[in-house]
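What the coordinates show
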Amino acid sequence: MSDSQTTTESIALYNSDKSVDEQRAALTNGAVPVAVTGLGKMGLPLAAVYSETTKNVTGVDIDSSVVEAIENGDCHITGEPALADLVAELVDDGALTATTDGVEAARNARVHVVIVPTLVDENDQPILSVMDSAMSTIAEGLEPGDIVIAESTLPPRTCVDRLLPLLERESGLSREEFGLAFCPERTSSGRALEDIRGAYPKIVGGVDEESTRVAELIYGEINSNEIIPVSDATTAEAVKVFEGVYRDTNIGVANELALMTEELGIDVTEAIEAANTQPFCHLHIPGAGVGGHCIPYYPHFLMGPFETDTPVMRAARETNDEMPRYTANHALDGLHAEGVDPEDARVLVLGLTYRPGVNEIEKTPALPLIEELDAAGASVTAVDPVNTHTEPFEKAGATLVSMDELSTYDACVLVTPQAAFEELSIPALGDSDRRLVLVDGRQELKHLRGHDSIHYRGIGINV
Ligand SMILES: NC(=O)c1ccc[n+]([C@@H]2O[C@H](COP(=O)([O-])OP(=O)(O)OC[C@H]3O[C@@H](n4cnc5c(N)ncnc54)[C@H](O)[C@@H]3O)[C@@H](O)[C@H]2O)c1
Ligand SMILES: CC(=O)N[C@@H]1[C@@H](OP(=O)(O)OP(=O)(O)OC[C@H]2O[C@@H](n3ccc(=O)[nH]c3=O)[C@H](O)[C@@H]2O)O[C@H](CO)[C@@H](O)[C@@H]1O
């Protein structure tokens, strides 16, 4: 523990009687202990940025291996430039510690940040039990003058209707004694430190004005970009979900246009690119599907809990979820055209993670695509040098190989264009006695259209 963690009386910020300058000084000199709950891909970078600013952060996680690694100055998160060095330095300085004892951490903290997973269940309903559990732990240690900050993406109204009553009920404090704010994490894996430090403006919204004020003061020190206080926590929750809904529905329109390619007889992706030269058009890119823990889930944070009909979001979600099957069928149709029975076909899937460079397979389009090919009787091989998750793909029927174990195939489907694939000679993946069916799931291989040993098929690209 740093000196500031052991000797200075901790300062609370909510309803503080100190001047704003004194509050800022306390926050940045270690007199305001912070607890960050959830030390994953987003939580550890967030704890590190909080720690470099406040010099007094205790990270909390239920996974003892995560806590042990951090306590040893190690970083269990890969793919985040500079994070490992920063964690080692902060732990060495005593500015960052970690524990599985969330109650003890809450008792010592005056700022409680929560960034645990918020996914959806098999019925597409948001899973908030993890957030509830983290908040219950915090409630046991909550003191008057504390502020709780939720950063996990939440369905709008969660703070005001669910978390505030939970904190009040389980802490025994009245809601006038502590703060609660929603400050969404606008961060992409692979650039977390840069994003958290200030790539984008930070949205802050409290359940009352004092909560908004304190959140704005805190993030004014954490984030170098503009801090945008909005009317309340629900507005802030809506901002984050709306960002994701915009992206998912936009991709859904792009995919729907791509499905018109054959009937229109054009390269839809060329038309999209040209349309986007007009400043009021921002059509996204059609592809093999929409994966990750954000974009496919956030529409369900509105479609699930609320009664209002949302046909546009629903249709876009359904279209995007259909793209892996559409892409698999492109491969099967191509094999038929080349006189290859899918039951005898060897198909190579290029890329398994949900997007390039990120070792994450949540809702990856590669999985349903492999299931479709396997169901058609094809022999499926998959390669992805970034991916380390094997069991789901093997269970779906794929044989996973490394780059130097590649053979020859009847068809090849590009799902996620990992950088390492640029070294590949795609034509060399085919057999000399017939054309290789190539399905370009991400418009990365257009240059191979017309190649004499390639039967090229694209998403939104007529040939
Ligand atoms: N990953 C992203 O790109 C991204 C971007 C923006 C926002 N977010 C938001 O951040 C949230 C967290 O995402 P992530 O990618 O860091 O998740 P993650 O799965 O990488 O990490 C979650 C961590 O929380 C821990 N945890 C789970 N339950 C806990 C509990 N009750 N108490 C303490 N720790 C607990 C887990 O052990 C794990 O270490 C997401 O739900 C999302 O809403 C994520
Ligand atoms: C700050 C923050 O919260 N950042 C989030 C993070 O989201 P993310 O990590 O989930 O990544 P995404 O890029 O959204 O990809 C999701 C899936 O959609 C597919 N896709 C994408 C674009 C397209 O035109 N057509 C597609 O088909 C792609 O292949 C992949 O499977 O970064 C995005 C900016 O990159 C942000 O917008 C998003 O808020």
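Residues numbered from 1 in each chain as written. Chains lettered and ligands numbered in written order. Predicted model: local features only at pLDDT ≥ 70, side-chain atom pairs only at ≥ 80, totals over all residues. Heavy atoms only, no water.

Our focus in this paragraph is helix α4 (residues 64-71). Restricting attention to buried positions, one finds in α4 the residues V66, V67, A69 and I70. Mapping the buried residues of α4 onto a view down its axis gives an arc of 160 degrees, with all of them on the same face. Away from its buried face, by an angle of more than 90 degrees, α4 presents the exposed residues S64 and E68. Along its buried surface, α4 packs onto α3 (43-54), α5 (83-93) and β3 (96-99). One or two residues past the end of α4 sits G73, with phi positive at roughly 80 degrees. (Buried < 20%, exposed > 50% of the residue type's maximum accessible area, 1.4 Å probe, protein only. Helix = DSSP H or I, 4+ residues; strand = E, 2+ residues; numbered from the N terminus. Arc of directions from axis to C-beta. Contact = heavy atoms within 4.5 Å.)

The immediate surroundings of ligand 1 are formed by 25 residues, with K41, M42, D61, T118 and T153 found nearest. Separating an oxygen atom of ligand 1 from a backbone N or O atom of T153 is a distance of 2.9 Å. Look at ligand 1: alone it shows 840 Å² of surface, and the protein chains cover 87% of it. Of the residues assigned to the shell around ligand 1, the class counts are nine nonpolar, eleven polar and five charged. (Near = heavy atom within 4 Å. Polar contact = N/O pair within 3.5 Å; in protein donor to acceptor, adjacent residues only side chain to side chain. Areas by Shrake-Rupley, 256 points an atom, 1.4 Å probe, with all protein chains shown as cover. Nonpolar A, V, L, I, M, F, W, Y, C, P; charged D, E, K, R; others polar.)

Before going further, it helps to examine empty space enclosed by the protein. The gaps of empty space that remain are located by a probe, the size of a water molecule, rolled over the atoms. Enumeration according to the criterion identifies two cavities of 30 Å³ or more in this entry. There is about 50 Å³ of room inside the largest cavity. Classifying every residue of the lining of the largest cavity by side-chain character gives three nonpolar, one polar and four charged. For the second largest cavity, the calculated volume is near 30 Å³. A35, T37, V60, G102, A105, A106, H112, V113 and I138 together form the lining of the second largest cavity. For the lining of the second largest cavity, the secondary structure elements donating two or more residues are β1 (34-37), α6 (102-108) and β4 (111-114). Examining the composition of the lining of the second largest cavity, we find that three residues originate from one element, α6, more than from any other. For the lining of the second largest cavity, the residue count by class is six nonpolar, three polar and no charged. (1 Å grid on protein atoms, 1.4 Å probe; cavity = no way out; pocket = protein on both sides within 12 Å on 5 of 7 lines; lining within 4 Å. Points joined across faces, edges and corners; volume = space filled by probe spheres on them.)

The next point concerns a negative patch on the surface. A cluster of acidic residues, D85, E89, D92 and D93, forms a negative patch on the protein surface. With respect to the helices, strands and loops of the structure, D92 is situated in helix α5. Accessibility expressed as a relative area gives 67% for D92, which makes it exposed. (Patch = residues over 30% accessible without salt bridge, like charges linked within 9 Å, V, L, I, M, F, W, Y side chains within 5 Å. Salt bridge = Lys/Arg side-chain N within 4 Å of Asp/Glu carboxyl O. Lys, Arg positive; Asp, Glu negative; His and termini not counted. Charge placed at Lys NZ, Arg CZ, Asp CG, Glu CD.)

With that settled, the discussion passes to the pattern of salt bridges. Side-chain pairing between opposite charges can occur once the charged atoms of the two side chains come close. Counted by the stated rule, this structure contains 27 salt bridges. Note that E322 is salt-bridged to R325, the shortest N-O span being 2.7 Å. One end of the pair is E322 and the other is R325, both in helix α15 (residues 311-337) and three residues apart, which spans about a single turn. On the accessibility criterion, E322 (35% relative accessible area) is partly exposed. The exposure class assigned to R325 is partly exposed, which follows from its relative accessible area of 37%. When the shortest N-O distance is used, the salt bridge between R434 and D410 registers 2.5 Å. Here R434 is found in the loop between β12 (411-414) and β13 (436-440), whereas its partner D410 is found in the loop between β11 (398-401) and β12, with 24 residues between them in sequence. Bridged by salt links that share partners, the residues D248, R317, D321 and K363 form one connected network.

Among the structural elements, P365 can be located in the loop between β9 (346-350) and α16 (366-375). Its relative accessible area of 3% is what places P365 among the buried residues. Along the chain, P365 and E210 lie 155 residues apart, while their C-alpha atoms are 44 Å from each other. What P365 contacts, discounting residues up to four positions off in sequence, is A288, G289, V290, G291, P324, V415 and R442.

What follows covers the pairing of strand β2 (residues 57-60). On β2, burial covers both faces: V57 and G59 on one face and T58 and V60 on the other are all buried. Direction of pairing for β1 relative to β2: parallel, over a ladder of four bridges. Bridge pairing in β2 places V34 opposite V57. Pairing analysis gives four bridges linking β2 to β3, with the strands arranged parallel. Across the sheet, residue V57 finds its bridge partner in β3, namely L96. (Pairing = 2+ DSSP bridges.)

UniProt records the feature "domain: UDP-glucose/GDP-mannose dehydrogenase C-terminal" (unreviewed entry) at residues 348-447, using the numbering of this structure. Counting secondary structure, residues 348-447 comes out at 15% helix and 21% strand; the distance between its end C-alpha atoms is 19 Å. (UniProt positions renumbered as here; feature names shortened; annotations may be inferred.)

Our next topic: the packing of aromatic side chains. In this description, an aromatic ring pair is defined by two values, namely the gap between the centres and the angle between the planes. Enumeration according to the criterion identifies two aromatic pairs in this entry. Residues Y50 and Y219 carry aromatic rings whose centres are separated by 5.9 Å and whose planes lie at 80 degrees to one another, so their mutual orientation is edge-to-face. Taken as a pair, Y50 in helix α3 and Y219 in helix α10 (residues 209-222) lie far apart in primary sequence, 169 residues in all. Under the relative-accessibility criterion, Y219 is labelled buried at 1%. The interplanar angle of 45 degrees and the centroid separation of 5.7 Å between the aromatic rings of Y298 and F301 together place this pair among those described as tilted. Both residues of the pair, Y298 and F301, belong to the buried class. (Phe/Tyr/Trp six-rings, centres within 6.5 Å; stacked < 30°, edge-to-face > 60°.)

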